[in-house]
Structure formats: C-alpha cells, structure tokens
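# Coordinate inspection notes
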Amino acid sequence: MMVFTRVRSGQAFAVLLLSAATVSFGMLRICGEKGALATPMTAKLPSISNPRGAGYSRAYKRFPFKWNMMKRPNSLYSTGTVGRHQQVAAASSGEVLNYETDTKGRTRLAFKEEGWNTWNWNGNKINYIESGESGTPILLVHGFGAHAYHWRYQIPELSKKHRVYSLCLLGYGWSDKSPHAPYSAEFWASQVADFVKDVIQEKTVLVGNSIGAVTSLATASIYPDLVQGLVMVNAAGRFGDMDADVTGEQKPASPSSSSSPSMTTTEEKEGSGGVLESIQETFKDIIAAGIFYSTRFRIPLILKNVYLDPEQVDDDLVKSITTPALDPNALGTFQSLYRAPFRGKLTVNDMMASLPQDMKVLLLWGQQDPWMQPEKAHQIMRICDKRGLECDYVPLAAGHCPQDDNPEDLNESLMRWVDVNFSEVAI
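First, a word on what this report is: a plain description of the structure on this page. (Residues numbered from 1 in each chain as written. Predicted model: local features only at pLDDT ≥ 70, side-chain atom pairs only at ≥ 80, totals over all residues. Heavy atoms only, no water.)

In terms of regular secondary structure, the protein is built from 15 helices and 12 strands. Taken across its 427 residues, the protein has 61% of its residues classed as buried. Taken as a whole, the protein presents about 16300 Å² of accessible surface, with 52% of it coming from carbon and sulfur. (Helix = DSSP H or I, 4+ residues; strand = E, 2+ residues; numbered from the N terminus. Buried < 20%, exposed > 50% of the residue type's maximum accessible area, 1.4 Å probe, protein only. Areas by Shrake-Rupley, 256 points an atom, 1.4 Å probe, with all protein chains shown as cover.)

Here it is, written out as structure tokens:
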C-alpha cells in the first residue's frame, strides 16, 4: 500500500526514450539544469522524519513511511512470455484496443505498429489512444522521445473507472514530424489545450511524465479553465531560483505571451538573429545529428540505465521508440526538438506560481531517477507550501519512468488520488 505525504492549505524521457534519441548530453539540455546528471542510481531517498528533504522546517502532516515500499519482491523479476490477448472497444472512437498479459501477469495495451486514432491539429495528424466510457477524463502526456504507448499499463487500469486518453505530442511517436515547429513546453501546452477542447470536451486531469509533466504544468498554468487536476511524474525542466517569488503575486502566464497555436515556424522566430546566431544554430544541428545517429542502436542499453527493472525494457518498448526514428522527417524534427529547452520562457517555478489556488497537484516520483532526483520533488513541494496549494507526494521504487518501470504502485496511487478528489466536471 502506498503512503501519501499530504500538504494542505496553510500546512507546513527528457526521458531517455528518444524516438530518435538522446544521450546524457541531450538530456542535460532538456532538464535545463547543470546538476541534472548527478551520479546515476545514487539519488538520496527522503528521510523518515522529513519526506521533503533536509533543511525543510515547515510543519507538515506526518504519515507512516514504510521503507519496504521502496523494495520490490523477487517475483517481479520472473521471466516468461507475453500472452492472453483480449479486445476492448474504445469509447467514442469505436476503435478496438488489444490488451495482453505480460510476463508478470499484468494487463497492458498491446503494441500496434500503425498507431491508433488520429486528430487533426493545425494541419498535422496527431495520434492518440482512447479508452473508457465514463468517469473522470484523464489525459496522459508522455516524456521526451516517447509516445502514447508509453502509458501501456495505465490505459487498461484507469479505463475501468474513468475515460482515459493518451496523446502523442507533435514531433513524437505516431504523430506528424514537423521539423520547423517551435517546440517548447508552452507550444505543446497549446496542443494539449486544443485536444481537451476539441476531443475530450470536459475539464481534465492531466498526467505527465518528464517533459510531459512540464507540458501538463504549462497547460494548467496557462489554461486553468480546462484542467481540474495535475499529476507530475518525475518532471523535467528548468526549475529556476528557489529564492524567487513563488507566492503567485507576479504576473501569471498567459496564452498570448507564452504559447501560440498558430505554430509560428522556427525560421520566423530564429532566422533574424544575424550571422552569429546562424552559426550557433548550425552547431546545435550538428550536435543533434550526432546524438540522433549515435543513439539509435543503443536505445535498449540507455533505457536500462534509467529503469530500475531492466526486464521492462522489452522488444515492444524498444520497437515503439525506434520505429518513429525511421520517418523521413525524424532527423530534422529531432534537431528542432533539441532546441526546445532554449525556447521555453517559463521555469517550473514560474508555472507553479501561476497555478490557481484550488488546483490539486500530485507528485509521483521514482526515487532512483539518475536525472531528476527526489530533491526536485522536494523543491516543488516547498513551492506548494509557500503558495498554500493542496499537493500530495508519493515516492516510488522506480527510475525516470515509473509508469512503465513500476506500474503497480503508480496505478494504485494515481487511482486512489483521482477517486478521492474528482468527479465529472463539464466545461
């Protein structure tokens, strides 16, 4: 049973999964922090006396903290073959989803090489998965280099009680590859907002991993009327200065200043900076191309470095990441994605400061993440306390992608949090 550490008002793959790849240097750029690449697998776990980390002195409500939740039984590492397929009809899309049982007896979405549903966004084909007929709408947003299928264990479980959507952001997975799109968290937030308005048509709980968590945070801060809850799973991004004002009194983010659904191209935004900027952009493209080609054949090894359970890096997961890299526009898109951290205007602190006071937030954090270590979660929790936001924090025995690395504990915590906090709310 997972244990919530709760803070109420007034109380004290960059995932490595790079469809066309990223290595540690690329991840450093995505995380936006010089210290983001600390020694792998040595992240300090939160103490029993203070789950928000050393030096945090504000009062908080204590819950029993069982250290055995941080260890997995040996049975989780059993071997075998995937089997027992079943078909489930998606809700409004009418598409039939294929579920299967993995080697550990867990139900998950079966890999589908051609992808799933298509939604048109500003002339681009966007792929998404839909399941469930009733309940709270939940939108799953993947990390850097990943896709909608990376939530393969959450879709069948969450859809038992809720309407679940999993989206491929533009440039990723089975969605179109647009080399000249101005990729950034704010840009993808405009895509998520339009998807909520066009497809879901209800206030939605956003659940994001890594860059998808920052995209979800950007959506909640820029388009709060579309979001009823926010879940961040090992969020990446630039965190900014903890001494800066996070009380929410500064000017909040706005759609006009932070993102643009009009998709102004990178040439329009970056093409007027003179010779020096042109040379810098060319140099970035060369670096990105080197990362792209050098990583394509090392994806299994790289993934295992950020998964606590290496057996989760199976053939379907690897194929789901390598297949999009074969798209003719994949290299150009990756070069543009590589520049994404340089384009974003808002830090995590900025976006947290802009969240509405009644926004409920859940942090699910893999404690063995070599990139975004638990201190990042502690930092967000300190902001929650300063703002008086209602935030929950659940440490998980996992690496950078707990939704695939330790789906049992993540699903349990996520389902319980959604069930406790939300009911259907119309826009």
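Phi at Asn122 takes a positive value of approximately 50°, unusual for a residue other than glycine. Locating Asn122 in the fold gives a position in the loop between strand 5 (117–121) and strand 6 (124–131). Positive phi, close to 60°, is recorded for Ser210, a residue that is not glycine. Along the polypeptide, Ser210 turns up in the loop between strand 9 (204–209) and helix 4 (211–222). Relative accessible area serves as the criterion here: at 0%, Ser210 is assigned to the buried category.

This model, assessed by the stated rule, comprises 14 aromatic pairs. When the ring of Tyr172 is compared with that of Trp188, the centres are 5.6 Å apart and the planes differ by 40°; the resulting orientation is tilted. Placement of the pair is Tyr172 in the loop between strand 8 (163–167) and helix 3 (185–200) and Trp188 in helix 3, with a sequence separation of 16 residues. Taken as a pair, Tyr172 and Trp188 share a single burial class, namely buried. Ring pairs connect the aromatic residues Trp119, Trp121, Tyr128, Phe144, Tyr165, Tyr172, Tyr183, Phe187, Trp188 and Phe195, which therefore count as one cluster. The ring of Phe239 carries Lys376 above its face, with NZ or CZ at 4.9 Å from the centroid. (Phe/Tyr/Trp six-rings, centres within 6.5 Å; stacked < 30°, edge-to-face > 60°. Lys NZ or Arg CZ within 6 Å of the ring centre and 35° of its normal.)

Let us now look at the state of the cysteines. Cysteine pairs can be linked by a disulfide, which is a covalent bond between their two sulfur atoms. On inspection of all chains with the given rule, the structure shows 1 disulfide. With a sulfur-sulfur separation of 2.0 Å, Cys384 is cross-linked through a disulfide to Cys391. Taking the sign of the S-S torsion, -80° for the link of Cys384 and Cys391, the bridge is left-handed. (Disulfide = S-S within 2.5 Å.)

Here we come to the nonpolar core. Counting 69 residues, the largest nonpolar core has Leu139, Met232, Met352, Leu355, Leu363 and Ile380 as the members making the most contacts within it. Broken down by element, the residue count for this core peaks at 9 residues, all from helix 3. When neighbours within four sequence positions are excluded, Met352 is seen to be in contact with Leu217, Met232, Ile380, Ile383, Cys384, Arg387 and Leu389. Grouped together as the second largest cluster of nonpolar side chains are 30 residues, Ile129, Val205, Val231 and Leu396 included. (Core = buried A, V, L, I, M, F, W, Y, C linked by side-chain atoms within 4.5 Å. Contact = heavy atoms within 4.5 Å.)

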